[in-house]
Amino acid sequence: MKNLNFTKLIMIMVLALCPMAFYGQNDNAENQNAQFNDYAYVTGDLGLGLLNGDNLGLKLGLNGHLGIGYQFDHIVGVKGNIGFGGLNGNYGYVNIDRSNYFEANANLTINFTDIILGYNPDRKLNFVPHIGIGQVRYRIRLNDNNGNDVYENGYSKRDGRKVVATIPMGFELNFAITPSWKVYLDYTANYADTDLLDGII
């Protein structure tokens, strides 16, 4: 990895379907002995993306993701995501005219709240860091201040997108509305193996 080039920011409360089965308990002692049942879940989100590179005049771009995960126990889980979004910015005499990307990644999730405080099936709020590996398929076109094309990658032919490896890492705060539904706030930074996401070396 060279440097931090691609930062994805998801800052919207979204609904995530999380089928779970817990045994309700009446006091803290019983919570410590509560049985955890592993489960699968699906997620969806819409959010904002920022590009952290040579294109310093950053503008927000929209992105969205669908995910599927599996929780092995109350601490460790895995989650896979696919997503699509756009990136914006400018750098002195050039501007990003068009840019979008597809991404896919697989992540390890760790429930830090349960590590520190212990398992409690009635807990509403959890802090869950995650780290993984993935890839992004992107294309970009730059214009100068007069609207003339100065750089293009991926728009001139049908399948000209560049593919680079990424390491996504971040955290989410999730809040349980019911045992089967959660909303969450997620921040993910993607370290990309390229200096050309913004079209400038």
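Fair warning: this is a prediction, and the values are worked out from it, not measured in the lab. Think of each chain on its own: its residues are numbered from 1, step by step along the sequence as written. Two thresholds apply to this predicted model, a pLDDT of at least 70 for residue-level local features and 80 or more for giving and counting side-chain atom pairs, whereas whole-chain, interface and lining totals are computed over all residues. Calculated side-chain values reflect all of the structure's heavy atoms, with hydrogen atoms and water omitted.

**Description of the environment of Leu 66**
- Within the secondary structure, Leu 66 is located in strand β3 (residues 61-71).
- Only protein chains enter the accessibility calculation, which uses a 1.4 Å probe; a residue is then buried when its area is under 20% of its type maximum, exposed when over 50%, and partly exposed in between. The class for Leu 66 is exposed, based on a relative accessible area of 57%.
- Expressed as a C-alpha distance, the spacing of Leu 66 and Gly 44, which sit 22 residues apart in the sequence, is 4.6 Å. Comment: elements are numbered from the N terminus, with helices defined as DSSP H or I runs of at least four residues and strands as E runs of at least two.

**With respect to the pattern of salt bridges**
- Definition used for salt bridges: Asp or Glu carboxyl oxygen within 4 Å of a side-chain nitrogen of Lys or Arg. For the structure on display, the rule yields one salt bridge.
- Here Asp 114 makes a salt bridge to Arg 123, at a shortest N to O gap of 2.6 Å. Note on accessibility: Asp 114 and Arg 123 belong to one class, buried.

**Things to note about a nonpolar patch on the surface**
- A cluster of nonpolar residues, Phe 112, Ile 115, Ile 116, Leu 117, Leu 125, Phe 127, Phe 171, Leu 173, Phe 175, Ile 177, Trp 181 and Tyr 187, forms a patch on the protein surface that exposes about 1,100 Å² of accessible area.
- At the level of elements, α2 (112-117), β7 (125-144), β9 (162-178) and β10 (181-192) are the ones that each hand at least two residues to the nonpolar patch.
- With respect to the element layout, Tyr 187 can be found in strand β10. Residues form patches when they are more than 30% accessible in relative terms and have no salt bridge. Like charges link within 9 Å. Nonpolar side chains (Val, Leu, Ile, Met, Phe, Trp, Tyr) link within 5 Å. Every accessible area reported is derived by Shrake-Rupley at a probe size of 1.4 Å, with residue values counting cover from the shown protein chains alone.

**Considering the pairing of β3**
- Sheet topology note: the strand β2 (residues 39-51)/β3 ladder contains 11 bridges and is antiparallel. Residue pairing across strands places Ala 40 opposite Tyr 70, the latter belonging to β3.
- Direction of pairing for β3 relative to strand β4 (residues 76-86): antiparallel, over a ladder of nine bridges. Note on β4: the bridge partner recorded for Gly 67 is Asn 81. Only when DSSP finds a minimum of two bridges between them are two strands counted as paired.

**As for the side chain of Thr 166**
- Mapping Thr 166 onto the fold places it in strand β9.
- Residue contacts are counted whenever heavy atoms from the two residues lie within 4.5 Å of one another. Here Thr 166 is in contact with Ile 133, Gly 134, Gln 135, Val 136, Asn 190, Tyr 191 and Ala 192, once residues within four sequence places are set aside.

**Concerning the packing of aromatic side chains**
- Any Phe, Tyr or Trp ring, taking Trp's six-membered ring, that has another such ring centre within 6.5 Å forms a pair; planes under 30 degrees apart are called stacked, those over 60 apart edge-to-face, and the others tilted. Scanning the model with the defined rule gives eight aromatic pairs in all.
- Each ring, one from Phe 36 and one from Tyr 39, has its centre 6.0 Å from the other, and the planes form 50 degrees; the classification is tilted. Of the two residues, Phe 36 and Tyr 39, neither departs from the other in class, the shared state being buried.
- Among the aromatic residues, those joined into a cluster by ring pairs are Phe 36, Tyr 39, Tyr 41 and Tyr 119.

**Digging into the environment of Ala 176**
- Looking at the secondary structure, you find Ala 176 in strand β9.
- If near-sequence neighbours (up to four positions away) are discounted, Ala 176 is found in contact with Arg 123, Lys 124, Trp 181 and Lys 182.

**So, the environment of Lys 79**
- Tracing the sequence through the fold places Lys 79 in strand β4.
- Here Lys 79 falls in the buried class, since its relative accessible area comes to 12%.
- Within the local environment of Lys 79, its side chain forms a polar contact with the side chain of Thr 43, the two groups lying 3.4 Å apart. Whenever a nitrogen or oxygen atom comes within 3.5 Å of another N or O atom, the pair is scored as a polar contact, on the condition that within protein one atom can donate a hydrogen and the other can accept it, and that pairs from neighbouring residues in sequence are kept only if both atoms are in side chains.

**As for the confidence of the model for the protein**
- Confidence scores per residue from the predictor, reported as pLDDT, run from 0 to 100. Predicted confidence across the protein gives a mean pLDDT of 80, with 76% of residues reaching 70 or more.
- Confidence drops under pLDDT 50 across residues 1-6; counting only partners more than four residues distant or on other chains, this segment forms 31 contacts.
- With pLDDT under 50 throughout, residues 8-27 is counted as low confidence; its partners more than four residues away or in other chains account for 81 contacts.

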